[in-house]
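Close look at the chain arrangement
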Amino acid sequence: MIELKDIEIKYGDFTAIKKLNLTIHDGEFFTFLGPSGCGKTTTLRCLAGFIQPSKGAVIIDGKDVTSFSAEKRRIGMVFQSYALFPTMTVYENLAFGLKVKKLPKDVIDQKVRKVAETVSITPEQLSRGVSELSGGQQQRVALARAIVLEPRILCLDEPLSNLDAKLRVELRAEIKALQSRLQITTLYVTHDQTEALTLSDRIAVFRNGAIEQVGTPYEIYNKSSSRFVCGFIGDINHFSQQVVSRLIERYHIPLDASTDAFIRIERMHRVRENADGIVLRTKVLSSEFDGSTTKYTLDYDGQTIKFLELNDGSAVPQTGKDLFLSFNPEDVLQYHAEA
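Scope of this entry: the structure provided in the associated data block. (Residues numbered from 1 in each chain as written. Predicted model: local features only at pLDDT ≥ 70, side-chain atom pairs only at ≥ 80, totals over all residues. Heavy atoms only, no water.)

**What to know about the sheet that holds strand β16 (residues 303-310)**
Taken in spatial order, the five strands make up an open sheet running β13-β17-β14-β15-β16, and their pairing is antiparallel. At either end of the open sheet lies a strand with only one pairing partner, and these are β13 (269-270) and β16. As defined by bridge partners, β13 adjoins strand β17 (residues 322-326) across two bridges and the pair is classed as antiparallel. Across the sheet, residue His 269 finds its bridge partner in β17, namely Ser 326. Set on the sheet, helix α10 (residues 241-251) makes contact with β14 (280-289), β15 (293-300) and β16; between it and β15 the angle comes to about 90°. (Pairing = 2+ DSSP bridges. Helix = DSSP H or I, 4+ residues; strand = E, 2+ residues; numbered from the N terminus. Contact = heavy atoms within 4.5 Å. Axes fitted to C-alpha atoms, helices over the stretch in contact; angles between N-to-C directions.)

What follows is the structure, given as structure tokens:
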């Protein structure tokens, strides 16, 4: 188990991390999610031993390792830039850490070939220079180099951000499958909400050097605890206080008229004009056809909202046409003023 207790990290007068407390369980895939500059990578580097906190303690398996060097923490690290040795072959990159440990040559060879197979590196690729490999192959080498040392914790800092979209999806699935198979406690840093939601057992959402919410992907998405988390995760509609007041007046729904409201775009659904209950007459401003779905941008009472619909083969309403929507008031999220 990993515990970060009252961690504070300062650079001069600037406080990058503010009294952070967090517990990560054994075997968990845990993601640090947030926008650039929010403190997620700084926290990961503190855990890994690359940054010393100004205050607080890093506890691993009940032992205070705050003063331990990175080498003594048994943490494998995979960086966004791969950080491979460009003049070495793939085999030499994987064997490097094992040679530093002065393991026998036959043991090194066995471990290198086993880990290469684990991450789908072929025997032919082992003899090639890393500069000859594609970005995806280099990231596999970086991952293999981290796990060949059999760390108790694996840290991945934006490992897929340099790859194209299709390859990111493929490697994302491979990383999750590998982590499940090895049952290694994994810390993953990303600004990509889809990566966080699909990979994680739990997520910590960071904002301005502090954790805004910790929860499962379901909790983070469906039960966002703050306006920031609600707006940062996924696509969402924002109804102003004025629109909320009109909805309450028209439909007598149990919302708070003193604050704005938010609802996920897929939680709205199309209805007939004369349907019972809540019926919002909207006008199509534009649409984005994406094969399986269409996302509409609509005008409702002078406010722009969005609506996501699964395609069933029927015609897509054209710009300027009316589209009638409804929603369940229980799906609405509301928050009072935040700092």
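**Observations regarding the side chain of Thr 282**
Residue position: Thr 282 is located in strand β14. When sequence neighbours within four positions are dropped, the list of residues in contact with Thr 282 reads Leu 298, Asp 299, Tyr 300, Ile 305, Lys 321, Asp 322, Leu 323 and Leu 325.

**Topic: the pairing of β17**
Here β17 lies mainly inside the structure; four of its five residues are buried. Here β14 runs beside β17; their pairing, made up of four bridges, is antiparallel. Paired with Arg 281 across the bridge in β17 is Phe 324. (Buried < 20%, exposed > 50% of the residue type's maximum accessible area, 1.4 Å probe, protein only.)

**Overview of the environment of Ser 120**
Note that Ser 120 resides in the loop between α3 (105-118) and α4 (123-126). Along the backbone, Ser 120 and Ile 153 are 33 residues apart, and their C-alpha atoms lie at a distance of 21 Å. What Ser 120 contacts, discounting residues up to four positions off in sequence, is Gln 125 and Arg 140.

**Regarding the environment of Pro 123**
You can see Pro 123 is positioned in helix α4. Taking the relative accessible area as the measure of exposure, Pro 123 reaches 58% and is therefore exposed. Sequence spacing of Pro 123 and Tyr 91 is 32 residues, and the spatial spacing of their C-alpha atoms is 9.1 Å.

**Observations concerning the nonpolar core**
Val 90, Leu 94, Ile 121, Val 141, Leu 143 and Leu 154 are the most contacted members of the largest nonpolar core, which totals 34 residues. Of all the elements in the fold, those that place two or more residues in this core are α2 (90-100), α3, α5 (135-147), β7 (153-157) and α6 (165-182). At six residues, the largest contribution of residues to this core is made by α5. Once residues lying within four places of it in the same chain are set aside, the contact partners of Leu 94 are Val 112, Val 115, Ala 116, Leu 126, Val 141, Ala 144, Arg 145 and Val 148. One finds Leu 20, Ile 24, Leu 187 and Ala 204 within the second-largest nonpolar core, a separate group that totals 28 residues. (Core = buried A, V, L, I, M, F, W, Y, C linked by side-chain atoms within 4.5 Å.)

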